[in-house]
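Listed below, chain by chain, are the residues.
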Amino acid sequence: MAQGAYGARVRTLKRVLIGLVAVVLVFAIVGTGLFYWSTRRSFPQTSGTIDLPGLTAPVEVIRNARGVPDVYADKQADLYTAMGYVTAQDRFFQMDFNRHLTSGRLAEMFGARAVDKDAFLRTLGWRDTAAQEYAALTAQTRANLDNYAAGINAYLRNKSPGEVSFEYAVLGLQQPGYRIEAWDPIDSVAWLKAMAFFLVHNYSDEAQRSLIAAKVGIDRTEQLFPPYPYDRVGTVLSNAENADLAASEGASATLTADTVRESPSAQAALAHTSAMREGLLELMGAVGGQGEGIGSNSWVVSGSLTESGKPLLANDMHLEPQMPSIWYQAGMHCRTLSPACPLDVSGFILPSVPGVIVGHNAHISWGFTNLGPDVSDLVLERVEGDSYIVDGVPRPIASRTETIKVAGGDPVQLTVRTTDAGPIVSDIPGADGADFRAVGNDAPVPAPGQTITAPSADSQGDYAVALKWTALSPQPTMEALPALNTATDFAQFQAAAKLFTVPAQHMIYADTQGAIGYQAPGQIPIRSGYDGRWPVPGWDSQFTWSGFIPFEQLPSIQNPPAGWIATANDFAVPAQSSQALVQTDIYSYGSRAKRIDIRIAELVDAGQKLTVADMQNIQLDAGNDFAAWLAPKLLTYNPGESAQQAIALLNGWDFQQPTTSAAAMYFNAVYSSLVERMFVHALGPESLSFNAGDRYWETIRSLWDSPDDLWWDDVGTPEREDRDTTITNALRAAADEVAKLQGSDPTAWTWGSAHTLTVKNPTLGSTGMGLIDGIFNRGPVQTAGGGGIPLANSWNPGGDPGDYHVTAVPSMRQVVDLAVLDSSTWVNLTGNSGHTYNANYNDQFDAWNSGQQFPFAFTRPSVEQAGMDTLTLEP
């Protein structure tokens, strides 16, 4: 009886448990189905017919297998309207984030954690400047922007946030009251300000010089900013004019065994310098920059050197990796070209901005790399009450109040003060203003190259700091896009370039008639009384911008003797040139540009006619010129038994950095250890943001012949080290570090195991919750290359042990064949869609990482042949 009762209870318990499991399974199935539905209900309709009010005639949208739309219309107005609609279909959440960023309204989306970022952006006033620019545009460009906005708003009409993008569903869990606003044309103009900001570096270099000088003195600070190596790497124009390029130091050689047998406030100030770049990027990685490795490669080769007899143009722009990609691929085509409808262009577009940034039309192709001229200054202001002093005379400070709305919180009031120089950025609350306040306390006055004549303050320090920057005044850059997109020859290209004032770029050119060329545009100040490398006293009016370099005096070349033009953020002209004022601060020391020049020269000298595949291979070149210089020197050291097997890896190394390379792994570990011992221990971990590409390479080169220089001393130890001791210690430490990461057999080490890339969503991909992050992020994947080399998958040397993660990447690649435009190729970092789990969200990622590119269809027959879906937009 007892056993029967027990058995009955067991059977009952089993039934209950089975029932509970069934309920859990039902909820799991329902939950899975709900999740599936939620992530996919915002996917765009890509075939069939959609009514689009405002059109005057039907528009066709042909998408290929990678979701790239080519849009065909009869009228220009319809083309821009449809382009706005289609871009919003794929990328609206990204666009919405972009406009909240540029207008300083991130707190409306993300709450109190974004208030300091909004305060920074409101102080700079990008949105206000963009409004002035919009008002000054030509009627046609305003109409383009208005029509683009109309298409976006037509897409948004009658849609809930969750129907627009899955991100809104996740955002709604934290900010349930968020509502999508209509798109304003000024939202598009403002995004160009963000791009300009993340390509300007001069103001942060000034800050870093000042704060480092407060710690180690001016002379030692200057050592960290060595002069540009004109003799070793040349410049854009000098190399283009010289067809007889010599190989760089060891770049083509292979090593064999026979080849070689302090201010107290400075530390706190340095703790804030990275906030200028990295802190602001906490919520603003979508812009793609100011981390280690931001830059670009571009080159163009004359038809006299190519297999087809027509030019080839290659471009890859290096920005912070993000998901979705910063770039949107598309084509804009008038069915019948006429002055009223002149567009037939394809390429890479910035979501939010109508028009192709880099790409080609039926006649010309163009590409960009950042020119990096000095277009900003930190101005030290003597403030007395509501006035600032100039030449001993008070001037009133302009002031305005901004209200920052905060989701889930009370509004925050912000007072923005402005002098004639610009907004007072040292007033910005929180970490983003602390670095500027530190500059006001510690900047040297007068700085090197400055002689003050106006009455000065009784004591140095405690100055307000204003930001003077060309992008804070209205610029015509938006006008440049339609001009570029419709240009048919070099003269029209130059006319368009003249309008591309901010951000200033190296612009390369090729056309179907066989011409190649280069133009440096930009609004570049002419300084009076100072060179712009240090903060400048604002109370002395002799320190001023006396004007801007006329466009006609900016560097330009067409059909040079070498037969090619290469740019990679290097200097444009030699130091003795009358145009040398174009670049007075150094963005890159020319390592990538020189290696590209050498690779082209080697192929030409071998009698090879160049092809699209050759251009792609140069984009994937992972050769490390710094390693070619340093590795032979390292092989002369004896680091002891523990590192003997590791250092032997460098013997016979070809200096390439594929994922499989053991030598690359060890060399980069040694380099990182050197940076840590020489610079990070002396300046603090925040000095990592100081390493601009190949700057530390050049610094170590310049110090090599001074083995007792203080920079060789590792201040993290009690001993006083010289060069040889520090290098020996770095060799040992690197071997120990990699052995802990990858095992005791150095021959089994691989660069790719440590050098990995995770592409993150800048808003919802860094929550710290693995489930949420995994929905939006992709990776990690092993990557080749590194900083300062053509395959510019950059990383931060000197960081935490074992941390070699990628911080900047070639965000896109294109190779344009001017003989047959349909033979061109391109690839995006991730994909064309902004919708997670969409087939086109990351369908280009593996190809990008392996170096593949896809056909770049342009003509209507090729577009139709590649087409997978056709959507008709009806009036």
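Residues numbered from 1 in each chain as written. Predicted model: local features only at pLDDT ≥ 70, side-chain atom pairs only at ≥ 80, totals over all residues. Heavy atoms only, no water.

A.B. asks: Sorry if this is basic, but what is going on with the packing of helix α16 (residues 477-486) against helix α17 (residues 490-499) here?
C.D. replies: Helix-helix packing is described using two parameters, namely the angle between the two axes and the distance between the axes. Interhelical geometry of α16 versus α17 gives an angle of 165° and a closest axis separation of 7 Å. Classed by the angle they form, the pair α16 and α17 counts as roughly antiparallel. Judged by the twist between their axes, the crossing of α16 over α17 is left-handed. Where α16 approaches α17, its residues Thr 477, Glu 479, Ala 480, Ala 483, Leu 484 and Thr 486 are matched on the opposing element by Gln 492, Phe 493, Ala 496 and Leu 499. (Axes fitted to C-alpha atoms, helices over the stretch in contact; angles between N-to-C directions. Helix = DSSP H or I, 4+ residues; strand = E, 2+ residues; numbered from the N terminus. Parallel < 35°, antiparallel > 145°, perpendicular 65-115°, else oblique. Left-handed = near helix turned anticlockwise from the far one by under 90°. Contact = heavy atoms within 4.5 Å.)

A.B. asks: Help me out: how do you make sense of the pattern of salt bridges in this one?
C.D. replies: Any two side chains of opposite charge can pair, on the condition that their charged atoms come close. Tallied over the full model, the rule gives 30 salt bridges. When the shortest N-O distance is used, the salt bridge between Arg 127 and Asp 187 registers 2.3 Å. Of the two residues, Arg 127 sits in helix α5 (residues 126-136) while Asp 187 sits in helix α9 (residues 185-197), which places them 60 residues apart along the sequence. Take Arg 127: its relative accessible area is 25%, and that puts it in the partly exposed class. Between Arg 595 and Asp 625 there is a salt bridge, with its nearest N and O atoms 3.0 Å apart. With Arg 595 in helix α18 (residues 591-605) and Asp 625 in helix α20 (residues 625-634), this residue pair connects regions lying 30 residues apart in the sequence. Residue Asp 625 is classed as buried on the basis of its relative accessible area of 8%. Residues participating in the shared-partner salt-bridge network are Glu 60, Asp 74, Arg 335, Arg 860 and Glu 864. (Salt bridge = Lys/Arg side-chain N within 4 Å of Asp/Glu carboxyl O. Buried < 20%, exposed > 50% of the residue type's maximum accessible area, 1.4 Å probe, protein only.)

A.B. asks: Would you take a moment to explain the packing of aromatic side chains for this structure?
C.D. replies: Geometry of an aromatic ring pair is reported as the spacing of the ring centres plus the angle between the planes. For the structure shown, the criterion picks out 42 aromatic pairs. Consider the rings of Trp 704 and Trp 712, whose centres lie 5.9 Å apart with planes at 80°: the pair is edge-to-face. The buried category is assigned to Trp 704, whose relative accessible area is 9%. Classification of Trp 712 as buried rests on a relative accessible area of 0%. Feature note: the residues Phe 626, Trp 629, Trp 653, Phe 655, Phe 667, Tyr 671, Trp 697, Trp 704, Trp 712, Trp 751, Trp 795 and Tyr 804 constitute an aromatic cluster, connected by ring pairs. The lysine or arginine in question, Arg 209, covers the ring of Phe 225, its NZ or CZ lying 4.0 Å from the ring centre. The ring of Trp 704 carries the charged tip of Arg 723 above its face, separated from the ring centre by 4.5 Å. (Phe/Tyr/Trp six-rings, centres within 6.5 Å; stacked < 30°, edge-to-face > 60°. Lys NZ or Arg CZ within 6 Å of the ring centre and 35° of its normal.)

A.B. asks: Explain the state of the cysteines here, please?
C.D. replies: In protein chemistry, a disulfide is the covalent bond that joins the sulfur atoms of two cysteines. Enumeration according to the criterion identifies one disulfide in this entry. There is a disulfide in this structure between Cys 334 and Cys 341, and the S-S distance comes to 2.0 Å. Between Cys 334 and Cys 341, the disulfide has an S-S torsion of -85° and is therefore left-handed. Judged by relative accessible area, Cys 334 falls into the buried class, the value being 5%. Look at Cys 341 and you get buried, because its relative accessible area is 2%. (Disulfide = S-S within 2.5 Å.)

A.B. asks: How do you make sense of the side chain of Gln 853 when you look at a structure like this?
C.D. replies: Relative to the elements of secondary structure, Gln 853 occurs in the loop between α27 (845-850) and β29 (854-855). Reaching out from Gln 853, the side chain makes a polar contact with the side chain of Thr 825 at a distance of 2.8 Å. Among the polar contacts made by the side chain of Gln 853, one reaches the main-chain amide nitrogen of Trp 826 at a distance of 3.5 Å. With near-sequence residues (within four places) excluded, Gln 853 lies in contact with Gln 616, Gln 619, Arg 813, Gln 814, Val 815, Thr 825, Trp 826 and Val 827. (Polar contact = N/O pair within 3.5 Å; in protein donor to acceptor, adjacent residues only side chain to side chain.)

A.B. asks: Help me understand the nonpolar core in this model?
C.D. replies: Nonpolar side chains in soluble globular proteins generally cluster together in the buried interior. The biggest cluster of nonpolar side chains holds 151 residues, and the ones touching the most others in it are Trp 469, Tyr 518 and Leu 873. No other element matches the 12 residues that helix α2 (residues 76-102) contributes to this core. Ignoring any residue separated from it by four or fewer positions in sequence, one finds Leu 873 in contact with Ile 50, Leu 52, Leu 55, Ala 57, Pro 58, Val 59, Val 61, Ala 82 and Tyr 85. Core analysis: the next-biggest nonpolar cluster, separate from the first, contains 58 residues, Ala 628, Val 680, Val 738 and Ala 784 among them. (Core = buried A, V, L, I, M, F, W, Y, C linked by side-chain atoms within 4.5 Å.)

A.B. asks: Explain the sheet that holds strand β10 (residues 376-381) to me, please; I cannot follow it from the model alone.
C.D. replies: Strands pair in a sheet through their backbones, by hydrogen bonds, and they do so in one of two ways: parallel or antiparallel. Taken together, three strands build an open sheet; the order of strands is β16-β10-β20 and the sheet is mixed. The open sheet is flanked by β16 (464-469) and β20 (536-537), the only strands paired with a single partner. Taken together, the six bridges between β10 and β16 define a ladder with antiparallel strand orientation. From the neighbouring strand, Leu 380 faces β16, where its bridge partner is Val 465. (Pairing = 2+ DSSP bridges.)

A.B. asks: In this structure, what is going on with the environment of Val 61? I would like to understand it.
C.D. replies: Position of Val 61 relative to the elements: it lies in strand β2 (residues 59-64). For Val 61, the residues in contact, after removing those within four places along its chain, are Pro 69, Asp 70, Val 71, Val 86, Asp 869, Thr 870, Leu 871 and Leu 873.

A.B. asks: Please explain the sheet that holds strand β7 (residues 344-349) as it appears in this structure.
C.D. replies: The strand order across the open sheet built from 11 strands is β1-β30-β2-β3-β6-β7-β8-β9-β17-β18-β22, with neighbouring strands paired in mixed fashion. In this open sheet, the two edge strands, each paired with only one partner strand, are β1 (48-51) and β22 (556-558). Strand-to-strand, the axes of this sheet are offset by a mean angle of 15°, without reference to chain direction. Across the sheet, α2 touches β1, β2, β3 (69-73), β6 (328-334), β7 and β30 (867-874), and the angle it forms with β6 is around 160°.

A.B. asks: Would you mind showing me how to read helix α4 (residues 115-124) here?
C.D. replies: With nine of 10 residues buried, α4 lies mostly within the body of the structure. Three or more residues of α4 are buried, namely Val 115, Lys 117, Asp 118, Ala 119, Phe 120, Leu 121, Arg 122, Thr 123 and Leu 124. The positive-phi residue at the C-terminal boundary of α4 is Gly 125, with phi of around 70°.

A.B. asks: Before we go on, may I ask you to explain the confidence of the model for the chain in this structure?
C.D. replies: Low pLDDT marks stretches whose predicted atomic positions should not be read closely. Of all residues in the chain, 89% have pLDDT values of 70 or greater, and the mean over the chain is 90. Across residues 13-30, where pLDDT falls below 50, the model places zero contacts with residues more than four positions away in sequence or in other chains. Every residue in residues 246-290 is under pLDDT 50, and counting partners more than four places away or in other chains gives 142 contacts. (pLDDT = per-residue confidence, 0-100.)

A.B. asks: Please explain the environment of Pro 53 as it appears in this structure.
C.D. replies: Take Pro 53: it is sitting in the loop between β1 and β2. In this structure Pro 53 comes out as exposed when scored by relative accessible area, which is 55%. Taking the C-alpha atoms as reference, Pro 53 lies 9.7 Å from Thr 81; in sequence the two are 28 residues apart.

A.B. asks: Hey, could you run me through unusual backbone geometry in this one?
C.D. replies: Excluding glycine, residues mostly have negative phi values, and the peptide bonds linking residues are mostly trans. Across the junction of Val 502 and Pro 503, the peptide omega takes the value 0°, indicating a cis bond. Considering the arrangement of structural elements, one finds Pro 503 in the loop between α17 and β17 (505-511). A cis amide bond, omega 5°, links Gly 779 with the succeeding residue Pro 780. Mapped onto the fold, Pro 780 is located in strand β25 (residues 778-782). A positive phi angle, close to 50°, is found at Asn 559, a residue other than glycine. Structurally, the position occupied by Asn 559 is in the loop between β22 and β23 (564-567). Residue class for Asn 559 comes out partly exposed when judged on its relative accessible area of 44%. Positive phi outside glycine occurs at Asn 569, with the angle close to 70°. The exposure class of Asn 569 is buried, given its relative accessible area of 0%.

A.B. asks: Teacher, can you tell me more about the pairing of β6 here?
C.D. replies: Every other side chain in a regular strand lies on the same face of the sheet, so the side chains alternate between the two faces. A large share of β6 lies buried, amounting to seven of its seven residues. Burial of the side chains of β6 extends over both faces: Tyr 328, Ala 330, Met 332 and Cys 334 are buried on one face and Gln 329, Gly 331 and His 333 on the other. Here β3 runs beside β6; their pairing, made up of four bridges, is parallel. Bridge pairing in β6 places Asp 70 opposite Gly 331.

A.B. asks: Which parts of the structure should I look at to understand the pairing of strand β18 (residues 516-519)?
C.D. replies: Of the two faces of β18, the one lined by Ile 516 and Tyr 518 and the one lined by Gly 517 and Gln 519 are each fully buried. Looking at chain direction, β17 and β18 are connected through four bridges and run antiparallel. Within β18, the position partnered with Tyr 509 by the bridge is Gly 517. Sheet topology places β18 next to β22; three bridges connect them, and they run antiparallel. Bridge assignment links Tyr 518 to a residue of β22, and that residue is Ile 557.

A.B. asks: Can you help me understand the packing of helix α6 (residues 139-156) against α16 in this one?
C.D. replies: Axis separation between α6 and α16 bottoms out at 10 Å; the angle between their running directions is 90°. Comparing the axis directions of α6 and α16 gives the class roughly perpendicular. Seen from α6, the contacting residues are Thr 141, Asn 144 and Leu 145; seen from α16, they are Met 478, Glu 479 and Pro 482. For the contact of α6 with α16, the class distribution of residues is three nonpolar, two polar and one charged. (Nonpolar A, V, L, I, M, F, W, Y, C, P; charged D, E, K, R; others polar.)

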